[in-house]
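Secondary and tertiary structure notes
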Amino acid sequence: MPSGARALVILGTGGTIAGEAASPSDDLGYRSASLPVAALVNALQPPPGFVLESEQVAQLDSKDMDFAIWRRLALRIASHLARDDVAAAVVSHGSDTLEETAYFLQRVLAPAKPVVMTAAMRPATSRRADGPQNLRDAVLVASASGARGVVVLVAGAVHAASDVRKIHPHRVDAFGSGDAGPLGRLLGGRLRMERPWPAAGDGSTVDLTRLANDDSDWPWVAIVASGAGADPRVVRTLVDAGVDGIVVAATGNGTIHRALEAPLREAAARGCAVLRATRCLAGAIVDPAAPGDTLPSAGALTPQQARVELIVRLLERRAAAG
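Here goes a summary of the coordinates provided. Not measured: the values here are computed from a predicted model. (Residues numbered from 1 in each chain as written. Predicted model: local features only at pLDDT ≥ 70, side-chain atom pairs only at ≥ 80, totals over all residues. Heavy atoms only, no water.)

Another aspect to go through is the sheet that holds strand β1 (residues 6-14). Strand order in the open sheet made by the eight strands is β2-β1-β3-β4-β5-β6-β9-β10, with mixed pairing throughout. Edge positions in the sheet fall to β2 (50-60) and β10 (190-193), since each of these pairs with one other strand and no more. Each neighbouring strand pair of the sheet contributes to a mean axis angle of 25°, computed without reference to strand direction. In this structure, strand β4 (residues 114-118) lies alongside strand β5 (residues 149-154), joined through five bridges in parallel fashion. If you follow V115 over to β5, its bridge partner there is V150. Across the sheet, helix α3 (residues 98-109) touches β4 and β5, and the angle it forms with β5 is around 160°. (Pairing = 2+ DSSP bridges. Helix = DSSP H or I, 4+ residues; strand = E, 2+ residues; numbered from the N terminus. Axes fitted to C-alpha atoms, helices over the stretch in contact; angles between N-to-C directions. Contact = heavy atoms within 4.5 Å.)

With that settled, consider the packing of helix α2 (residues 67-81) against α3. Interaxial distance between α2 and α3 falls to 11 Å at its minimum, and their mutual angle equals 50°. When the axis of α2 is compared with that of α3, the two are oblique. α2 and α3 meet at a crossing whose hand is right-handed. Here W70, L73, A74, I77 and A78 of α2 come into contact with α3, specifically with E100, T101, F104, L105, V108 and L109. (Parallel < 35°, antiparallel > 145°, perpendicular 65-115°, else oblique. Left-handed = near helix turned anticlockwise from the far one by under 90°.)

Now for the environment of L186. Topologically, L186 is positioned in strand β9 (residues 184-187). Residues L186 and L140, spaced 46 residues apart in sequence, show a C-alpha to C-alpha distance of 9.2 Å. Here L186 is in contact with D137, L140, V141, L153, G156 and L191, once residues within four sequence places are set aside.

Turning our attention to the packing of aromatic side chains. For the coordinates displayed, the defined rule picks out four aromatic pairs. Centre to centre, the rings of F67 and W218 are 4.7 Å apart; their planes meet at 20°, and the pair counts as stacked. Of this pair, F67 sits in helix α2 while W218 sits in the loop between β10 and β11 (221-225), and the two are 151 residues apart along the sequence. For the pair shown, F67 and W218 are each scored as buried. Their ring planes at 50° and their centres at 5.7 Å tell us that F104 and W218 sit as a pair that is tilted. Separated by 114 residues along the polypeptide, F104 in helix α3 and W218 in the loop between β10 and β11 bring together distant segments of the chain. By relative accessible area, W218 is classed as buried at 6%. Taken together, the ring pairs connect F67, W70, F104 and W218 into an aromatic cluster. (Phe/Tyr/Trp six-rings, centres within 6.5 Å; stacked < 30°, edge-to-face > 60°. Buried < 20%, exposed > 50% of the residue type's maximum accessible area, 1.4 Å probe, protein only.)

Here we come to the pattern of salt bridges. The tally for this structure, following the rule as stated, stands at 21 salt bridges. Between D27 and R122 there is a salt bridge whose closest N-O contact spans 3.8 Å. Here D27 is found in the loop between β1 and α1 (37-41), whereas its partner R122 is found in the loop between β4 and α4 (131-142), with 95 residues between them in sequence. Like R122, D27 is buried. With its nearest N and O atoms 2.9 Å apart, the salt bridge here joins R276 to D287. With R276 in strand β13 (residues 273-278) and D287 in the loop between β13 and α7 (303-321), this pair connects stretches of sequence that are eleven residues apart. (Salt bridge = Lys/Arg side-chain N within 4 Å of Asp/Glu carboxyl O.)

A separate point is the pairing of strand β12 (residues 245-250). Burial analysis of β12 places six of its six residues in the buried class, the great majority of the element. As a crossover connection, the stretch from β11 through helix α5 (residues 233-240) into β12 is right-handed. Where the polypeptide runs from β12 across helix α6 (residues 258-269) and back to β13, its parallel neighbour, the crossover connection is right-handed. (Right-handed = clockwise from strand over helix to strand, strands pointing away.)

Purely geometric numbers; function is a separate question.
So this is what it looks like as C-alpha cells:
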C-alpha cells in the first residue's frame, strides 16, 4: 500500500451486479452472482489517496439471502472497519433484499465509518449495464469527507439504511426513501448532501460471534398481511407452530382487520412479539396521543424492515437474558 494511502474494502455478495447473460441485449434472462467481486473491482480506479481491496463474502442471488450470510457480512465489515488503515467498506449486493440487509447492518453496527451498499438492475454483460457506474459512485461516496453509517447508492442517489426501499422491479432507479427522501445525490461527479449522514453509535448489544454459523439460532419472525377477507387462522397457526414474532403489514395508518385483532392480542399475551407496519409505500404510522392498548407500531419502517427490527430486538432480549 502506498505510504499514507487508506483502503476502501469492497465486499462482494453476488447479485445482478455480478450477473451474466448469454446476450448483451438480455437484461432479464441472466444468471445472477456469476462474476467474482475481484473482476468488478479490477475495472475501478481508486480515488486519489486511496487503494482498493476486495473480498468475496458470499456469492448468491439476493432473493436467497439468509441469516448466516448476514452474520458473516456484519462480522467481516466490523473487522475491516476496525483497521486504522481502512476508511470505509463498500458492499456489492443483489437488489431484491438490499433494503433488509442495509437496515440490519445499520442496526447491529451503526458504524462511525461509512458502509456504502450498491446493486444493479442489469447484469454485468448488458450493453447498458448500470453496475459499473453504481460501483464507481459507491467508491466515491465511501471516500467522501464526513461520511458515516450504512447507506445505499443506486442510480446516483444516496439513501439511508433506515429509509431505503425497493420501489420498482426492473427500472435502474429502483430505490427510494419514501417521505424522507434521499440523503444526497451525485451530480457531475460531486456529492451534494440534502440531509445529515446516519448517526453513528455503539450498534446492537447482539454478539454475532455467539450465533451459530447457520440460521438455527435466529428468531422466527413472520409477516402477516391485513386486508380484505383477512383470516385469523394464519395468526393462530403461526403461534401454535412457535413463531417468535409477527409483523402486521397493516392498512393505512396502521389499522388492522377486525378478524386479526383478537388473535394478535392473544399472540402478544402468549409472549409473541408483535409490531404494526403500514403497507403504504410512503409515510409513517402516527398513533393517537393516548394510544391505549394499541399494538406497538414500527413507525416509518416498511414491513420488511420492521421484520428485521423485530429480529434484532428478539436477539437483544435473548442476550440480556443471558
